[in-house]
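Tertiary structure, described
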Amino acid sequence: MIFPVALISVITLISASLGSEESCYLSEEQEDQCASVCYPIVKPLLRYFEKTNEKDAQFLRCKTDYSELQKRYSDLQNEGLKQYAQISKCQKDNSELMKSNLEVQNKYTAVLSQLSDEKVKNAQLHSKQQEVDNLINQKNTEIDLLKDQIRELKEKSELATLTNQFREDIAKLGKIVKNGGIHENNPTKSEVETGEVATTPLPNIKIETTPKIETIGKSAEHNHLQNKTTNFSDIPNPCPGGQELQFVHREIQLPGSDPFKAVCYSDSDIGSGWLYVYKKIYTSQTFNRTYEDYERGFGDIGTELANEFFIGLNRLHHLTSGSHEVLLGTVSGSSRCTNFVVGDRSEGYRVKSNGRCFGDGLWMSPLQDSKFSTFDRDEDGVSDRNLAKEYGYGWWFDPGMSSAPFHPIYMFIRRTD
């Protein structure tokens, strides 16, 4: 209330001064009075105006700051919206990536499953391939044996033809002998055909043919009496050279033992005089035998495809007391050793000598000093394994034959002295 009153008083005083007709200039005394009266009144007003101006300035600054804050808030909102949009986009991209990753994982799982199936199929195909390879090897062996049989049959057929012709000649010769003579000159064709020709007397002729089974050696009784002094290298050669037929059955008599059947073999490539010792076909179960069986010998000795046999370790020991070479054959190759000697039972029928071995089937060549091994008498020298039991046949195994295949085996010996 004081400021309005003072303001009105000052205005009234000024108006009064201006309204007089006298000069508007005041004397110094009047100015001092006016100042003494007006200054106390105007001073608060001036301070009020000063504070009001300060507040207006502060209000203006606050308004400006508020505007700036609103602008910054708006900018922050816009920036937040952009960031939200980016976050939404990232979330969407992440969702798509997770979806793609899931699809890739599913495809990877499917590929792994297919790969596992392919591995199983590959293993099955590999197994079938091995079966086919084994069957092919078996059939190749059978084919080779059939070829041998065919060749033998051809030879037998030729032999039968020659035999028939020989019988006819013998019959004609018998008629000639019956008539008591023969022309000094050649007989005519009609005379040969009828057998009725004039002849001169002939001496008594004894005609013999080679038996299918020949006995080699002395009688059992005589051999038994002479056993202590007989040298086994002195017995006759069981398969002498010059054999024309591929196979010849013989009966061999060793000193102090009963006679046994054997087969002598001849071939245009390797010659004659070979004694068939060991014959095992590819799928054989015959050779999974005891040590005593191998010592005595076993099997069906013959020339048929299915014949399997072994003459026996004891007989092989006696037969190789002299100078012998050995020939070993199978579908994968053959080998030949120049001096084959087998010890007796006390020595484990070890290979005392094999001379020099050569060929493409050396894996089967008995190593010198190796002993004969069977499933019930393991002498293969391979620790923690029984090769005879694993492969199903007895042999002179050694550590180098730890992976011997299940091949057929053919073994021959021949005297070299």
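Residues numbered from 1 in each chain as written. Predicted model: local features only at pLDDT ≥ 70, side-chain atom pairs only at ≥ 80, totals over all residues. Heavy atoms only, no water.

What about the packing of aromatic side chains?
Throughout the structure, instances matching the rule amount to 22 aromatic pairs. Centre to centre, the rings of Y278 and F287 are 4.8 Å apart; their planes meet at 40°, and the pair counts as tilted. According to the relative accessible area criterion, F287 is buried, its value standing at 0%. Consider the rings of W395 and W396, whose centres lie 5.4 Å apart with planes at 75°: the pair is edge-to-face. Under the relative-accessibility criterion, W395 is labelled buried at 1%. Ring pairing ties together the aromatic residues Y278, F287, Y294, F298, F310, F340, F372, W395 and W396, which thus form one cluster. Its end group placed over the ring of Y291, R377 keeps NZ or CZ at 4.2 Å from the ring centre. (Phe/Tyr/Trp six-rings, centres within 6.5 Å; stacked < 30°, edge-to-face > 60°. Buried < 20%, exposed > 50% of the residue type's maximum accessible area, 1.4 Å probe, protein only. Lys NZ or Arg CZ within 6 Å of the ring centre and 35° of its normal.)

Digging into the state of the cysteines
Counted by the stated rule, this structure contains 2 disulfides. In this model, C239 is linked to C264 through a disulfide, with the two sulfur atoms separated by 1.8 Å. With the S-S bond torsion at -80°, the cross-link from C239 to C264 turns out left-handed. With C239 in the loop between α4 (220-225) and β2 (247-252) and C264 in strand β3 (residues 260-267), this pair connects stretches of sequence that are 25 residues apart. C264 shares its class with C239; the two are buried. (Disulfide = S-S within 2.5 Å. Helix = DSSP H or I, 4+ residues; strand = E, 2+ residues; numbered from the N terminus.)

A word on the pattern of salt bridges
Applying the stated rule across the entire model yields 13 salt bridges. Across the pair E295 and R345 runs a salt bridge, and its minimum N-O distance is 2.5 Å. In this pair, E295 sits in helix α5 (residues 291-296) while R345 sits in the loop between β9 (341-342) and β10 (351-353), placing the two residues 50 residues apart along the sequence. The exposure class assigned to R345 is partly exposed, which follows from its relative accessible area of 41%. A salt bridge links E347 to R350; its shortest N-O distance comes to 4.0 Å. Here the salt bridges do not stand alone but share partners, grouping R289, E292, D293 and R296 into one network. (Salt bridge = Lys/Arg side-chain N within 4 Å of Asp/Glu carboxyl O.)

Comments concerning the side chain of S272
Summarising the element assignment, S272 is placed in strand β4 (residues 271-280). Engagement of the side chain of S272 in a polar contact is seen with the backbone nitrogen of G242, the distance being 3.0 Å. Every residue in contact with S272, bar those within four places of it in the chain, is listed here: G241, G242, Q243, Y265, S266 and R414. (Polar contact = N/O pair within 3.5 Å; in protein donor to acceptor, adjacent residues only side chain to side chain. Contact = heavy atoms within 4.5 Å.)

Some points on the confidence of the model for the protein
In this model, the protein carries a mean pLDDT of 77, and residues with pLDDT of at least 70 account for 73%. A low-confidence stretch, residues 180-215 (pLDDT under 50), is modelled with 43 contacts involving residues beyond four sequence positions or located in other chains. Every residue in residues 217-229 is under pLDDT 50, and counting partners more than four places away or in other chains gives 15 contacts. (pLDDT = per-residue confidence, 0-100.)

Some remarks on unusual backbone geometry
One non-glycine residue, D369, adopts positive backbone phi at about 75°. Mapped onto the elements of the fold, D369 is located in the loop between β11 (357-359) and α7 (387-391).

Overview of the pairing of strand β8 (residues 333-337)
Side chains G333, S335 and C337 project from β8 onto a buried face, and the interleaved S334 and R336 project onto a face without burial. The sheet contact formed by strand β7 (residues 324-330) and β8 spans 5 bridges and is antiparallel. In the sheet register, L327 faces β8, and the bridge partner there is R336. Linkage of β7 to β8, two consecutive antiparallel strands, is achieved through a turn of 2 residues. Of the pairings in the sheet, the one linking β8 to β11 comprises 3 bridges and is antiparallel in character. When the bridges of β11 are listed, S335 appears paired with G359. (Pairing = 2+ DSSP bridges.)

Description of the nonpolar core
By size, the foremost hydrophobic cluster in this structure holds 41 residues, and its most contacted members are Y278, W395, W396 and M411. At the level of secondary structure, the elements contributing two or more residues to this core comprise β2, β3, β4, α5, α6 (313-319), β7, α7 and β12 (409-415). Here W396 is in contact with L313, L316, F340, V342, Y349, V351, P366, S370, K371, F372, M401 and M411, once residues within four sequence places are set aside. Counting residues in each nonpolar core, the second largest holds 11 residues, with V263, Y276, I301 and L327 among its members. (Core = buried A, V, L, I, M, F, W, Y, C linked by side-chain atoms within 4.5 Å.)

Digging into a negative patch on the surface
Together, E28, E29, E31 and D32 give the surface a local cluster of negative charge. By the secondary structure assignment, E29 is in helix α2 (residues 28-179). Residue classification places E29 among the exposed positions, given a relative accessible area of 54%. (Patch = residues over 30% accessible without salt bridge, like charges linked within 9 Å, V, L, I, M, F, W, Y side chains within 5 Å. Areas by Shrake-Rupley, 256 points an atom, 1.4 Å probe, with all protein chains shown as cover. Lys, Arg positive; Asp, Glu negative; His and termini not counted. Charge placed at Lys NZ, Arg CZ, Asp CG, Glu CD.)

Things to note about the layout of surface pockets
When its volume is computed, the second largest pocket comes out at roughly 700 Å³. The dominant element in the lining of the second largest pocket, judged by the number of residues it contributes, is α2, at 7 residues. (1 Å grid on protein atoms, 1.4 Å probe; cavity = no way out; pocket = protein on both sides within 12 Å on 5 of 7 lines; lining within 4 Å. Points joined across faces, edges and corners; volume = space filled by probe spheres on them.)

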